[in-house]
Amino acid sequence: MRIIHWRWASLILGGLLVFLVLLYLAGPFFRRPGVENRQTSPSISMDQGIEEFFRDYWQTPIPPQGSPPTPYTDVEASLSPEDCGSCHAEQYRDWKESLHSMAMGPGPWGQIIDLTQSRQQEGDLCMTCHAPLSEQMPFVAKTTAQGQVNYEKNPHFDSRLQLRGITCAACHVRQHQRYGPPIAEGASGQRFPIDMKNHGGVKRTPYFERAEFCRDCHQFDPQNTLLVNGKPLQDTYREWKNSTWGKGGAACQECHMPGRRHLWKGIHDPEMVKGGVRVEARINGAPTAPGGPIEVELQVTNSAVGHMFPTYITPKVFVRAVLMDKTGSALPGTQQESVIGRDVRADTGQWKEYFDTRISPGESFRHTFKWTRPLQARKVRAWVEVHPDYFYHVHFYPAYLNGGSLSPEGKKLVEKALSESGRTPYIIFEKLIPLS
């Protein structure tokens, strides 16, 4: 396994497939037997251990659904999100606006599109989280008696689902049986007219409300994967489990699916982030005359995020301040910044963590900006700016476009992803502090 890990690191040096690297490292959380061997529907008995349930439920890619029961209508048998939305309209509207629906957007697909023949296994590793249904995969792995993996055309492939990302069926359908959480308190058990077709009902399990339901795509196994400075590249579940929130039993769904909304908001949503952190800025001491010292302290507290802020290696949070003149213009050369985030790269031939300044739940990040006051300075502008896709926009996509051997279609997709990733930054805090 270690040899393969360093092979992946060398690929990154050429600007290749960081998405796939990260998903490969997550592999030990996945069960990856051949698709043809996974036809058993999971039991939902509470007597069954939670780990056993999730091992069965989250086999990836998710086994083919097979033939639908004879009484099913076309809509009941469909795996299309639109058909699910014909009855579950609110859930469909939420999903359509969520990042789950965009999980096979131009960034991932721009990389995978050129791998469908030559390096199919790499593309499949990416799709196990980004598009996990077997019906979304054009090829299927077959393992020979000698242990060699070959790829054949997938007889269950549905091209209409390929780029739909993480669909309703990915979480709720196994062998055409629908699964879901217990009926919410105060909700009616009969939500549709009694004569309406409803795919044979739904099997309900409280495991849908457990953090472990989200774990396999949001945690790399710390026991069996490459660690950088002692930590997996993605450690979200473990960060949560070791926090006050995890120890108190507040699951991922309580924050990311409040009221069972299918939005899964996170670092890309300004209001979500503002609700999870508290920011304060103040000037230390009395304002001084020109030539005197200025000190402004800015503090960011992880007050309500159930894991590190930010949790992953892709975002960066910039804490910034600049001196301004009486017209409100920034004085050249006076802007300063500090960065909250985890900077991990393999651009020296080995994985290296350059810094990790992320904030643990309940903890704070503090930075003091210092200047000698210029004559023109009248106020300080202090602000906090979040860049959700910083790693992709600044490091990965440019390197991939410059170093990768891309088809015209793949290049166009990655260029679009680069453009989109540059539009995601936003400000969560801003304060003007007078100096007189």
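Residues numbered from 1 in each chain as written. Predicted model: local features only at pLDDT ≥ 70, side-chain atom pairs only at ≥ 80, totals over all residues. Heavy atoms only, no water.

Participant: What is the right way to read the sheet that holds strand β6 (residues 277-283) from this model?
Facilitator: Backbone hydrogen bonds are what pair the strands of a sheet, in a parallel or an antiparallel way. Reading across from one edge, β6-β7-β12 is the order of the three strands in this open sheet, with antiparallel pairing throughout. In the strand order of this sheet, the two ends are held by β6 and β12 (364-372), each with one partner. On average, each strand axis in the sheet is tilted by 15° relative to the strand beside it, whichever way the strands run. (Pairing = 2+ DSSP bridges. Helix = DSSP H or I, 4+ residues; strand = E, 2+ residues; numbered from the N terminus. Axes fitted to C-alpha atoms, helices over the stretch in contact; angles between N-to-C directions.)

Participant: I would appreciate a short explanation of empty space enclosed by the protein in the present structure.
Facilitator: Rolled over the atoms, a probe as big as a water molecule pinpoints where empty space is left. Applying the stated criterion across every chain yields a total of two cavities of 30 Å³ or more. Of the pockets and cavities examined, the second largest cavity occupies roughly 40 Å³. Around the second largest cavity sit I313, K316, R342, D343, V344, R345, Y390, F391 and H395, which together line it. When residues of the lining of the second largest cavity are traced back to their parent elements, those giving at least two are β10 (342-345) and α15 (390-403). When grouped by side-chain class, the residues that make up the lining of the second largest cavity number four nonpolar, one polar and four charged. (1 Å grid on protein atoms, 1.4 Å probe; cavity = no way out; pocket = protein on both sides within 12 Å on 5 of 7 lines; lining within 4 Å. Points joined across faces, edges and corners; volume = space filled by probe spheres on them. Nonpolar A, V, L, I, M, F, W, Y, C, P; charged D, E, K, R; others polar.)

Participant: How do you make sense of the sheet that holds strand β9 (residues 336-340) when you look at a structure like this?
Facilitator: Ordered in space as β9-β8-β13-β14, the four strands form an open sheet in which the pairing is antiparallel. Taken across any chain shown, the strands that pair with only one partner, and hence form the sheet edges, are β9 and β14 (426-434). Taking the axes of each pair of neighbouring strands and ignoring which way they run, one obtains an average angle of 15° across the sheet.

Participant: Hey, could you run me through the nonpolar core in this one?
Facilitator: One recurring pattern in soluble globular proteins is that nonpolar side chains are buried together. Among the nonpolar cores identified, the biggest contains 30 residues, and L298, V300, V380, V384 and I428 are the most heavily contacted of them. Grouped together as the second largest cluster of nonpolar side chains are 19 residues, W58, I166, Y179 and Y207 included. (Core = buried A, V, L, I, M, F, W, Y, C linked by side-chain atoms within 4.5 Å. Buried < 20%, exposed > 50% of the residue type's maximum accessible area, 1.4 Å probe, protein only.)

Participant: So what exactly am I meant to see when it comes to the pattern of salt bridges here?
Facilitator: Pairing between side chains becomes possible if they bear opposite charge and their charged atoms approach one another. Summed over all chains, the structure comprises 23 salt bridges. For R210, the salt bridge goes to E212, with nearest N and O atoms at 3.4 Å. Here R210 falls in the partly exposed class, since its relative accessible area comes to 37%. (Salt bridge = Lys/Arg side-chain N within 4 Å of Asp/Glu carboxyl O.)

Participant: Would you mind going over the packing of aromatic side chains with me for this structure?
Facilitator: Two descriptors summarise a pair of aromatic rings, namely the distance from one centre to the other and the angle between the planes of the rings. Scanning the model with the defined rule gives 20 aromatic pairs in all. With a centroid separation of 5.6 Å and an interplanar angle of 55°, the aromatic rings of F396 and Y397 are classed as tilted. Residues F396 and Y397 agree in their burial class; the two are buried. For the cation-ring pair, R174 lies above W58, with the distance from its terminal atom to the ring centre recorded as 5.0 Å. In this structure, R345 packs its charged tip against the face of Y354, placed 4.6 Å from the ring centre. (Phe/Tyr/Trp six-rings, centres within 6.5 Å; stacked < 30°, edge-to-face > 60°. Lys NZ or Arg CZ within 6 Å of the ring centre and 35° of its normal.)

Participant: Help me understand unusual backbone geometry in this model?
Facilitator: Across residues other than glycine, the phi torsion is negative in most instances, and most of the peptide bonds are trans. The step from T60 to P61 runs through a cis peptide bond, and the omega angle for that step is -5°. Within the fold, P61 resides in the loop between α3 (50-57) and α4 (74-77). Look at H176: it is not a glycine, yet its phi comes out positive at around 65°. Positionally, H176 belongs in the loop between β3 (173-174) and β4 (177-180). Classification of H176 by relative accessible area gives buried; the value is 5%. The phi angle at R260 is positive, at roughly 65°, despite the residue not being glycine. Within the secondary structure, R260 sits in the loop between α13 (252-256) and α14 (270-276). Judged by relative accessible area, R260 falls into the partly exposed class, the value being 31%.

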